[in-house]
Structure formats: structure tokens, C-alpha cells
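One letter stands for each residue in the lines below.
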Amino acid sequence: MIMNHLRRQQNHPTKSEQSVEVPLNRYLSSISIVKSSARFFVALLFLVAIVACGDGITGQVVGVGGDGSAIVFTSERDGNPEIYIMNPDGSDQTRLTDNDTADSYPALSPDGSKIAFVRNSGQNGTSDIYIMNTDGSEQTLFSSGTHPSWSPDGSKIAFSTGLSHNHDIYVMNANGSENTQLTNNSTMDLGPSWSPDGSQIAFSSNRDGNYEIYIMSSDGSEQSRLTRNPMSDSYPSWSPDGSKIAFDSGREGDLDIYVMNADGSEQTRITDNEKADYFPSWSPDGSLISFSSNRDSNYEIYIMNADGSGQARLTETEHSNYGTSWVAVAE
């Protein structure tokens, strides 16, 4: 079970927060907290459909892996959080990192050649971002911070960093040069996500009391709020065509996945159960969304069609799996 997550909304805990250890401050878990999780290995083409069978697997996901993509994620199956990579149908789950610290929240580069990830380093629980090849080799320190997000052309990485009660969004060239601060306030700005055209960045912030989804130009200007409700909204993820943003929210009493237009309109719930569904990530062709859920006891990786239908489980271990990122892989 994912443990020790700071509450983002102390005065108004959701039903999920009250009944199960839910990662409602999942952004902060890799800042100063060791978290249960898992990761996977390389993938190429697949023309397989997943048919419902077994606990928690419902419906049918059409064309899983037909775009030749790979999914990276975090898993605790080997004793502590490590990075793994797998095919988008859940096959060939391969461990990429192997050390005594916690490695989590991987992000694949747009060309599929690199993975940025968060390593919980040092005795004081500080978090650093590393970059490695997709086979796990050449692990190199990039910057202090958490939740990296690659720009669409792979030239820059946005990330969150700062003190325990004040994180801001920064952007840096992928070679480690020109670190630029994009947000500047006394609260928490977390989990940046680039728009497909590179012109905007979505992120989560509690600057107005509880966590909501915000958007800004890629230079930090024109910051505006997209969601407004009493419960926390987080983990924005742009669709590949730039028209939609997926995110998770506790607004209905438990944590579920929602999709809205990029301007914040038509916010629609696409998962609905009494457990926690969180951290959505779009497939490269925009037809599928992966996410993490504890609906079957511990946290596992699930996949579904972009409208929420055909939900199917990809991982099945005795320890938590979460934090997916995927990208098309060149042949």
C-alpha cells in the first residue's frame, strides 16, 4: 500500500482519504517520502485486444499497443520503488533501476530514447531528477526536483522543485543548461505537463486553497485556473492532439479520472468506483488512457479507452505499481 502521503486538503479529507491510504498528495511523495511503486521495460508493435477476465478486469480495450508504444512505471515488487518498462499490453515487464533508494515517476522522452525519473536521495529524503537510457544505462543526475515532464521536441524538461511547503515550476534544457523559474508564489505548484505544441504547460497548485488544475504559457506568463471545486484536482495530462486534459479529482468523494477540454470546459468523469483511480496518462495515438488504482487491494496499472470504457488491468503483483508514462517507439 502506498504510505505516508501528505494531505493536500487538511480541512476537507475525501472519502478515499478517510478509508484508505490514498496518494492524494502524490506529488509530494517523491519530494521527501519513500513510496511503494514499480516500473517496466521496452516494447514494440502489438495488435492485441485485452478481453475481460478475472478480478477488476472489465470490457475490452481495442487495439492495445497498435501504435508501437512502450509504458514506463514504478513498482515496489522487488522491495523498494524501482523503474520498469513494459509493452502496452502488460507483457515483458522489465526492471531498469536497481538500488537501495526509491526511484519513481518516470517520464519517457518524445523519441523514446531517454527516461527522466525521480530518485529519493540522501538521508534527509531529498529528491533529485535523473535521466537514463531506456535500457537503464547511463543514469545521470539532472537536477533537484520532482515530476519531470519533457517538452514535445525533447529539448527541455519542466519539473517542480523548492522547499517542503513551497514548490514552483521550473524549466531547463535537457542538457542541464538554462534553468528558468516559471511560477513564483508561497504555495505549491506541482506536476507540470506540456501541451503537444509546446506552447502551454498545465500544472496543479494549491494557491487558492485546495489543489486545482492551472494552465500557463510555456514561458510562465498568462497563468489561469481551469478547475474550481472544494476537493483536490491534480495530475493533468494533455491528449496528443491538444484538445483534452485528463486529470484526477476527489470531487465526488473518492478519487477518479476526469477529462475536460483544454479550456477547462466539459469536465467529465470517466472512472467511477469506491477506490482511488489516479495519475492518468494518454497513449501516443490518444485512443487510450493508463492510470493507477487500488480497486483490487494494492495499487496496479490499468488501461482504458479514452471515454472510460474497456477498463483492464495490466499489472498484478503483491506490491504497488503506479505512475505511468508512455510514448511511441521507433522501429
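Please refer to the structure higher up on the page.
Residues numbered from 1 in each chain as written. Predicted model: local features only at pLDDT ≥ 70, side-chain atom pairs only at ≥ 80, totals over all residues. Heavy atoms only, no water.

Student: Any chance you could explain the environment of Trp-194 here in plain terms?
Tutor: Mapped onto the elements of the fold, Trp-194 is located in strand β14 (residues 189-194). Residue class for Trp-194 comes out buried when judged on its relative accessible area of 9%. Expressed as a C-alpha distance, the spacing of Trp-194 and Trp-150, which sit 44 residues apart in the sequence, is 7.2 Å. Residues in contact with Trp-194, not counting those within four places in the same chain, are Ser-149, Trp-150, Ser-151, Pro-152, Lys-156, Ala-158, Val-171, Gln-200, Ile-201, Ser-218 and Trp-238. (Helix = DSSP H or I, 4+ residues; strand = E, 2+ residues; numbered from the N terminus. Buried < 20%, exposed > 50% of the residue type's maximum accessible area, 1.4 Å probe, protein only. Contact = heavy atoms within 4.5 Å.)

Student: Any chance you could explain the nonpolar core here in plain terms?
Tutor: Proteins that are soluble and globular tend to have nonpolar side chains buried together. The biggest cluster of nonpolar side chains holds 11 residues, and these are Ala-70, Val-72, Ile-83, Ile-85, Leu-96, Leu-108, Ile-115, Phe-117, Tyr-130, Met-132 and Val-327. Among the elements of the structure, β3 (69-75), β4 (82-86), β7 (114-121) and β8 (126-133) are those that each provide at least two residues to this core. Among all residues touching Ile-115, those that are not within four sequence positions of it are Val-72, Leu-96, Pro-106, Ala-107, Leu-108, Tyr-130, Ile-131, Met-132, Thr-134 and Trp-150. (Core = buried A, V, L, I, M, F, W, Y, C linked by side-chain atoms within 4.5 Å.)

Student: Got a minute to help me understand the side chain of Ser-109 in this structure?
Tutor: Take Ser-109: it is sitting in the loop between β6 (102-108) and β7. When sequence neighbours within four positions are dropped, the list of residues in contact with Ser-109 reads Lys-114, Trp-150 and Val-327.

Student: Help me out: how do you make sense of unusual backbone geometry in this one?
Tutor: For residues other than glycine, phi is negative in most cases, and the peptide bonds are mostly trans. Phi angles above zero are rare outside glycine, and Glu-138 is one such case at about 55°. Checked against the element boundaries, Glu-138 lands in the loop between β8 and β9 (140-144). The phi dihedral of Ser-297 is positive, around 85°, even though this residue is not glycine. Structurally, Ser-297 is set in the loop between β23 (288-293) and β24 (300-305).

Geometric descriptors of this kind do not, in isolation, establish any biological role.
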